[in-house]
Amino acid sequence: MTALEDRPDVAQEIGRDRRRKEDARLITGRTRWTDNLTVPGMLHLAMVRSPFAHARITSIDTSAAAEATNVVAVITAADLGESQGACINAWPITPDQVAPVHLPMAVDRVAFAGEIVACVVARSAAEARDAAELVDVEYEELPAVVGLKEAIKDEVLAHPELGTNKSALWVFDSAAAGTGGDVEEAIATARESGVVIEREYRQQRLIPAFMEPRSVVVDPTGEQITIWSATQIPHILRFALAATTGVPESKIRVIAPDVGGGFGGKLQQTPEEMIAFAVARHLDKPVKYTETRSESLVSAHHGRDQIQKLTLAATKDGQVTGLKVELLADLGAYVAIVGGGVPVLGAFMFNAIYKFPAYHFACQTVLTNTTWTDAYRGAGRPEATFAIERLMSELAEELGVDPLEIRERNWIKHDEFPFTTVAGLEYDTGNYELATAKAKEMFGYDELRAEQQRRREAGDTVQLGIGISTFTEMCGLAPSRVLGSLDYGAGGWEHASVRMLATGKVEVVTGASAHGQGHETAFSQIVADRLGVPFEDVEVLHGDTQIAHKGLDTYGSRSLVVGGEALVKATDKVIEKARPVAAHLLEASVEDLEFSAGRFSVKGTDAGISVQELATAVFAAHNLPDGMEPSLDADATYDPINFNYPHGTHLCAMEVDTETGAVSMRKYVCVDDIGNVINPLIVSGQVHGGLVQGIAQALWEEAVYDDAGTLVSGTFTDYLLPTAADTISFEIDHTTTPSITNTLGTKGVGEAGTIASTPAVVNAIVDAVRHLGVDDITMPCTPQRVWRAIQEGGRA
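A quick note: this is a predicted structure, and the numbers were derived from the prediction, not measured.

(A) Expanded view of the nonpolar core. In terms of nonpolar packing, the biggest core is built from 99 residues, with Leu-312, Phe-350, Phe-361, Tyr-668 and Val-761 touching the most fellow members. Setting aside chain neighbours within four positions, we find Phe-350 in contact with Gln-308, Leu-310, Leu-323, Val-325, Leu-327, Tyr-359, Phe-361, Glu-383, Ala-384, Ala-387 and Ile-388. If you look at the next biggest cluster of nonpolar residues, it comprises 43 residues, including Val-498, Val-540, Ala-634 and Tyr-638.

(B) Local environment of helix 8 (residues 234-245). Taking 1.5 Å of rise per residue, the 12 residues of helix 8 would be expected to cover 16 Å, and the 16 Å separating its terminal C-alpha atoms lies within 8% of that figure. Most of helix 8 sits inside the fold, with 9 of its 12 residues counted as buried. Against strand 10 (225-229), strand 11 (252-255) and helix 9 (271-283) lie the buried residues of helix 8. Note on helix 8: the residue one or two positions beyond its end, Gly-246, has a positive phi of about 85°.

(C) Main features of the confidence of the model for the protein chain. On average, residues of the protein chain score 96 in pLDDT, and 98% of them are at 70 or above. Predicted confidence for residues 1-6 stays below pLDDT 50, and this span has 14 contacts to residues more than four positions away or in other chains.

(D) Examining the environment of Val-712 more closely. Mapped onto the secondary structure, Val-712 falls in the loop between helix 20 (680-699) and strand 28 (731-735). Distance from Val-712 to Val-298, taken between C-alpha atoms, is 9.5 Å for residues 414 residues apart in sequence. When residues no more than four places from it in sequence are discounted, the contact partners of Val-712 are Val-704, Tyr-705, Asp-706 and Asp-718.

(E) Focus on the sheet that holds strand 6 (residues 136-141). Ordered in space as 4-2-6, the 3 strands form an open sheet in which the pairing is antiparallel. Of all the strands in the sheet, just strand 4 (109-110) and strand 6 have a single pairing partner and so form its edges.

(F) Quick look at the sheet that holds strand 19 (residues 494-500). If you trace the 4 strands from one edge of the open sheet to the other, you get 21-20-19-25, paired in mixed fashion. For this open sheet the edge positions go to strand 21 (538-541) and strand 25 (634-638), each flanked by a neighbour on one side alone. Across the sheet, the axes of successive neighbouring strands diverge by a mean angle of 20°, strand direction being ignored. Of the strand pairs in this sheet, strand 19 and strand 25 are connected by 5 bridges, and their pairing is antiparallel. Looking at the pairing, Glu-494 lines up with Tyr-638 of strand 25. With respect to the sheet, helix 17 (residues 519-531) is in contact with strand 19, strand 20 (506-510) and strand 21, its orientation differing from that of strand 21 by roughly 135°. On top of the sheet, helix 18 (residues 559-586) reaches strand 19, strand 20 and strand 25; it is set at about 145° to strand 25, its chief contact.

Rules used throughout
- Residues numbered from 1 in each chain as written.
- Predicted model: local features only at pLDDT ≥ 70, side-chain atom pairs only at ≥ 80, totals over all residues.
- Heavy atoms only, no water.
- Core = buried A, V, L, I, M, F, W, Y, C linked by side-chain atoms within 4.5 Å.
- Buried < 20%, exposed > 50% of the residue type's maximum accessible area, 1.4 Å probe, protein only.
- Contact = heavy atoms within 4.5 Å.
- Helix = DSSP H or I, 4+ residues; strand = E, 2+ residues; numbered from the N terminus.
- Expected span 1.5 Å × (residues − 1).
- pLDDT = per-residue confidence, 0-100.
- Pairing = 2+ DSSP bridges.
- Axes fitted to C-alpha atoms, helices over the stretch in contact; angles between N-to-C directions.

Quick look at the structure:
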């Protein structure tokens, strides 16, 4: 037998639409959300939070709360001392980075509205929340700094003891790095004999707004302290707890049960987790904390929040010659676990798919009295893609060239891969021409351009605009050596184990920790194909540091391209361990064996034995080769040699009512190239979800603070999330250019839709009203902002 198709019980899995294994329990209410868990004797926590963005704590009176019904304790930072640990920053982006100490519970001063100042412990969550209202905290309000342009002045300091709001200045220069020319020379030349495009764009602050609020349960009563948490990073959380509290890592077990979404928002060692850990140890009792939605919006980390000053140089025939990027990035009140590293990730992507010969990037991170920021779906890549895709459309307009044509003049051609970019990365594969041609055909590009022209000539009230985004991204965060060169505090490897059970079934253990992506299904498909066993015979275990003892968790579209590759290597080891056993039982030499479709067979004969039969034989251990241990189980740790570079072309048609500013989406087409596809159904779900999040940044979402540092969009009444009714049916497809840096030929997909869609939508809106003098509209493009831009005939 030479192919899986020869065995009807073992169908080809890779490339097959499979409904997710996880969905049965998720949609029938048999989930294991952290808030569903109960431990005997468990107490409940409620947090007392500062209403002020910046204030000195003058006193905390806990007496009334302590006397409330069923209150066990009211705890302040003074009660916990050093046992509360500290929240870590794993990526100090420069040696001289300025960062305040981030204690989980404030001691004498608060730095953002929502910071925790006390914790109430009670028999029920409701009683804890009621008692928290009785804690009397006296504050001396201090001046607060809100907004990037105010923070950079250093007139009002978020942390006076630091003497500045400036945290770190990170610079990349192609001339200094030896990856390209001098950008200042390129710009000077373009001013004399070419074209220079200068723009300033605003990346508004966003809130991840995951479906399941954060929750944590801590049980300190056993031999280990066990933590259940709605987290993306159980292994990293375990390390952070041990590193900052002094509790040995071996005495901490972290479990991420079913996790209801994260989008980077649960990529954090949170103050609430640290406080629950400390309080449980302090009282020697199990405790639970689950945040309210309002708490989540005000205190879970936010994303984006940048000002981008951009200069693009080009020749008069549209060849780009240089790109200069100057960023201001808001860290919020503290430097989060990745923190300033988010815009650094974007630094390598501003050049995108284009052959810039010179490039300069500088990012100044600053501290403000607002909720801290960190990774949000895409993490630096959406910001970079928005900037360059807006600029390329502006360049096309300046030169009177179709925006697709200007991109084609400058992108890397398919026969130029592998290609080393001006930012120093090596793109392994890609075919931008193929993806764009397919998207253009699906979209009906020429027909829509003709309709747009007719509407303009007729002076229609509702104008049509066409937006383009041709993107790539670096994902599959790794390799470890590259991350180390950037001073990142961890590696980029991933670990996996494959266990052959006595019955022939397979247990897969992965260090990647799912929060809605479909790991259990996709990983089962990979192992089923590789081993040649039925899909149903594979069980995937994850999210528990006691079971998956090694791992670096889930973020940055790394699960498949890093975690999946570790699985491939572990599975291949199982096959190689089984080979001598098969030869022994078949009375053949190892060299005469072939492995296909889950069976070892002797070349030229019908003799064979399945890997599942071998598992049973090895378990029995009655007839093994001399010196062989009775186990086929295997582990593997995979550290990639490169990042991963999916790409795609997204086309959007928007209609704009020029009298009211109202916008509506007419059509959206995307063709993504993510290499070989494991499960097309899961990919479609990832793309659709990503599109909605990126479109939401363009049209609806924005976290807004008033001058005092109060979040005025702290509920879903004011922070506008889209529903299915707000979106259209997207048309999606893909091209396939396999990666050459991993065995499966796969590329990441989890963030692609979010990265590409925002500039496509904004480009379309601006395109619809450009003839009215508009060349930019600050996101989100609300009817009011669009209307104002039209009235002013310029920016709004």
